[in-house]
Amino acid sequence: MIITMKQDVTDIEFSNLKKFFEDKGFLVKDISGAELKVIGIVGDTAKLDIEMIKCIPGVQNVTRIQASYKLASLAFHHEPTVIDVKGVKIGGGKFIVAAGPCSVETEEQIISVAKSVKASGSHLLRGGAFKPRTSPYSFQGLEAEGLDLLMKAREVTGLPIVTEIMSEDMIDRFVKDVDIIQVGARNMQNFHLLKALGRTNKPILLKRGPSATIEEWLMSAEYILAEGNPNVILCERGIRTFEKYTRNTLDLSSVLAVKQLSHLPVLVDPSHSAGRWDMVEDLSKAALAVGADGIIVEVHNDPERALCDGNQSLKPEKFDRMMKKLRLIAPIVDKEME
Ligand code: PEP
Ligand code: MN
């Protein structure tokens, strides 16, 4: 961390500032030039509050050198993290696919979709049981019964299941019965939930908030990692911009940014990004080409009658066709797709 002092800083203010950091155990290096008084603070500055330091008398400007997240940072963990979910390896050169309906609706529906996505080579089954809907009058999900049905679908197909948690009081049930716990975009900054999930050892799929910067997203991952859970998978699902043609704007450059900044695996959700099924295949190809570790895609056996997000769900035949294409592309972009 570099601190530039005001031109009129007094000697007392300057020495008080140095003492402030030395008392906290930091090494303080005076790197003043002819014009400006500047100090460098050496140590783990991630825990220092920049805004507070800016208020100290004599301080003009504070610049972080080290990212404010440490455990999520590639600078401190040079190898890519690979998360093993019942034999499905997420990260480290593989490209995986999680597919299934937006919501679990009936036993027949989830078993039928699970069987078809399995037959097309999906590695994981997705399906919402607790649904974060914009309107309180929309279908809210089958809740606990939805989890039971997902477990049945897992039993039938062998596919590990990923589903969204909305509140801390469901953590025990999710830890017991779910393979990957999804934190939805709307809960990316529900810090109590993140901390509680950090005290488990379950893989967590952390979606990017609709208006979150990449740094805020990585800080949310840091909340989980800081509590001791190293199993965080990021998911880019589109952000809110002025553009209305698509539901969200898929920020594919965030995948590149995450790869530059972090060791954590990152998936892309083309379904919630586009909000329309006719873009899902091409956005998935783009996600593969840009280096994502996989995708999470909505597939429904009867999208016209889906209780949620039918317009962005692929029919099983379209999903099958897409999987075949992705398998052809994967080796060209140095990804391994089983
Ligand atoms: C979902 O995956 O079903 C979902 C609600 O996604 P998001 O949190 O990205 O909106
Ligand atoms: Mn959905």
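Residues numbered from 1 in each chain as written. Chains lettered and ligands numbered in written order. Predicted model: local features only at pLDDT ≥ 70, side-chain atom pairs only at ≥ 80, totals over all residues. Heavy atoms only, no water.

**Q** Talk me through the environment of Gly 141; I want residue IDs and the actual numbers.
**A** Summarising the element assignment, Gly 141 is placed in the loop between strand S8 (124-126) and helix H4 (144-157). Take Gly 141: its relative accessible area is 15%, and that puts it in the buried class. The sequence separation of Gly 141 and Cys 308 amounts to 167 residues, and the corresponding C-alpha distance is 9.1 Å. (Helix = DSSP H or I, 4+ residues; strand = E, 2+ residues; numbered from the N terminus. Buried < 20%, exposed > 50% of the residue type's maximum accessible area, 1.4 Å probe, protein only.)

**Q** Give me the site of ligand 1: which residues, what numbers.
**A** Close to ligand 1 lie Arg 126, Lys 131, Pro 132, Glu 164, Gln 182, Gly 184, Ala 185, Arg 186, Lys 207, Arg 237, His 272 and Glu 298. Take Arg 237: an N or O atom from its side chain is 2.7 Å from an oxygen atom of ligand 1. For ligand 1, whose unbound accessible area comes to 290 Å², protein coverage reaches 97%. Looking at the shell around ligand 1, its residues break down into 2 nonpolar, 3 polar and 7 charged. (Near = heavy atom within 4 Å. Polar contact = N/O pair within 3.5 Å; in protein donor to acceptor, adjacent residues only side chain to side chain. Areas by Shrake-Rupley, 256 points an atom, 1.4 Å probe, with all protein chains shown as cover. Nonpolar A, V, L, I, M, F, W, Y, C, P; charged D, E, K, R; others polar.)

**Q** Which residues make up the coordination of the manganese ion (ligand 2), and what are the values?
**A** Around the manganese ion (ligand 2), the protein contributes the donor atoms Cys 102 (SG), His 272 (NE2), Glu 298 (OE) and Asp 309 (OD), which lie 2.0 to 2.4 Å from the metal centre. Between consecutive donor residues of the manganese ion (ligand 2), the sequence gaps follow C-x169-H-x25-E-x10-D. Taken together, the residues span a long stretch of sequence, with His 272 in helix H9 (residues 270-274) and Asp 309 in the loop between strand S14 (294-298) and helix H11 (316-329) at a distance of 37 residues. Of the two residues examined, His 272 and Asp 309, each falls in the buried class. (Donors = N, O, S within 2.8 Å, 3.2 Å for Na, K, Ca; no water.)

**Q** So what's going on with the state of the cysteines? Residues and values would help.
**A** Under the definition given, this model contains 0 disulfides. Of the cysteine sulfurs around Cys 235, a residue in no disulfide, the closest is that of Cys 102, at 13 Å. Left without a disulfide partner, Cys 308 is nearest to the cysteine sulfur of Cys 102, which lies 3.1 Å away. (Disulfide = S-S within 2.5 Å.)

**Q** Just give me the short version of the domain arrangement of the protein chain, but keep the residues and values in it.
**A** By the assigned domains, the protein chain splits into domain 1 (2-63) and domain 2 (83-333). In this structure, domain 1 and domain 2 have C-alpha centres spaced 44 Å apart. (Domains from an automatic or database assignment.)

**Q** Break down the sheet that holds strand S3 (residues 38-42) for me, with residues and values.
**A** Read from one edge to the other, the open sheet built from 4 strands follows the order S2-S3-S1-S4, with strand pairing classed as antiparallel. Taken across any chain shown, the strands that pair with only one partner, and hence form the sheet edges, are strand S2 (27-30) and strand S4 (59-63). Each neighbouring strand pair of the sheet contributes to a mean axis angle of 20 degrees, computed without reference to strand direction. Looking at chain direction, S2 and S3 are connected through 4 bridges and run antiparallel. Of the residues in S3, the one forming a bridge with Asp 30 is Ile 39. Sheet strands in contact with helix H1 (residues 11-23) are strand S1 (2-5), S2, S3 and S4, and its direction is about 150 degrees off that of S2. (Pairing = 2+ DSSP bridges. Axes fitted to C-alpha atoms, helices over the stretch in contact; angles between N-to-C directions. Contact = heavy atoms within 4.5 Å.)

**Q** Tell me about the packing of helix H7 (residues 214-226) against helix H8 (residues 253-261), and name the residues and values.
**A** One way to put it is that H7 packs onto H8 with a least axis distance of 11 Å and a crossing angle of 55 degrees. Here H8 runs oblique to H7, going by the angle between their axes. Note that H7 runs across H8; the crossing there is right-handed. On H8, the residues that touch Ile 214, Trp 217 and Leu 218 of H7 are Ser 254, Ala 257, Val 258 and Leu 261. (Parallel < 35°, antiparallel > 145°, perpendicular 65-115°, else oblique. Left-handed = near helix turned anticlockwise from the far one by under 90°.)

**Q** Can you tell me about the nonpolar core, naming the residues and giving the values?
**A** As a rule of thumb, nonpolar side chains are buried together in soluble globular proteins. Formed by 62 residues in total, the largest nonpolar core has its most connected members in Val 97, Leu 125, Leu 206, Leu 234, Ile 295 and Phe 319. The residues touching Leu 206, leaving out its near neighbours within four places in the chain, are Val 183, Met 188, Leu 194, Trp 217, Ser 220, Ala 221, Ile 224, Val 232, Ile 233, Leu 234 and Cys 235. Ranked by size, the runner-up nonpolar core spans 17 residues in total, among them Met 1, Val 9, Phe 14 and Val 62. (Core = buried A, V, L, I, M, F, W, Y, C linked by side-chain atoms within 4.5 Å.)

**Q** Quick one: what's the story with the packing of aromatic side chains, residue by residue and with numbers?
**A** Under the definition given, this model contains 4 aromatic pairs. Judged by centre distance (6.3 Å) and plane angle (75 degrees), the rings of Phe 21 and Phe 26 are edge-to-face. We note that Phe 21, like Phe 26, is buried. When the centroid spacing of 4.4 Å and the interplanar angle of 20 degrees are considered together, the rings of Phe 191 and Tyr 223 count as stacked. You can see Phe 191 sitting in helix H6 (residues 191-198) and its partner Tyr 223 sitting in helix H7, a full 32 residues away along the chain. (Phe/Tyr/Trp six-rings, centres within 6.5 Å; stacked < 30°, edge-to-face > 60°.)

**Q** With reference to specific residues and values, describe the pairing of strand S10 (residues 180-183).
**A** Sheet faces and side chains relate simply in a regular strand, where the side chains alternate between the two faces. The side-chain alternation of S10 yields two buried faces, one formed by Ile 180 and Gln 182 and the other by Ile 181 and Val 183. In terms of strand pairing, strand S9 (residues 161-165) meets S10 through 4 bridges, oriented parallel. Residue Glu 164 lies in a different strand from S10, and its bridge partner there is Gln 182. Following the backbone out of S9, through helix H5 (residues 171-177) and into the adjacent parallel S10, one traces a crossover that is right-handed. Across 3 bridges, the pairing between S10 and strand S11 (residues 204-207) is parallel. Looking across to S11, one finds that Gln 182 is bridged to Leu 205. Assessed by its sense of winding, the connection that carries the chain from S10 through H6 to S11 is right-handed. (Right-handed = clockwise from strand over helix to strand, strands pointing away.)

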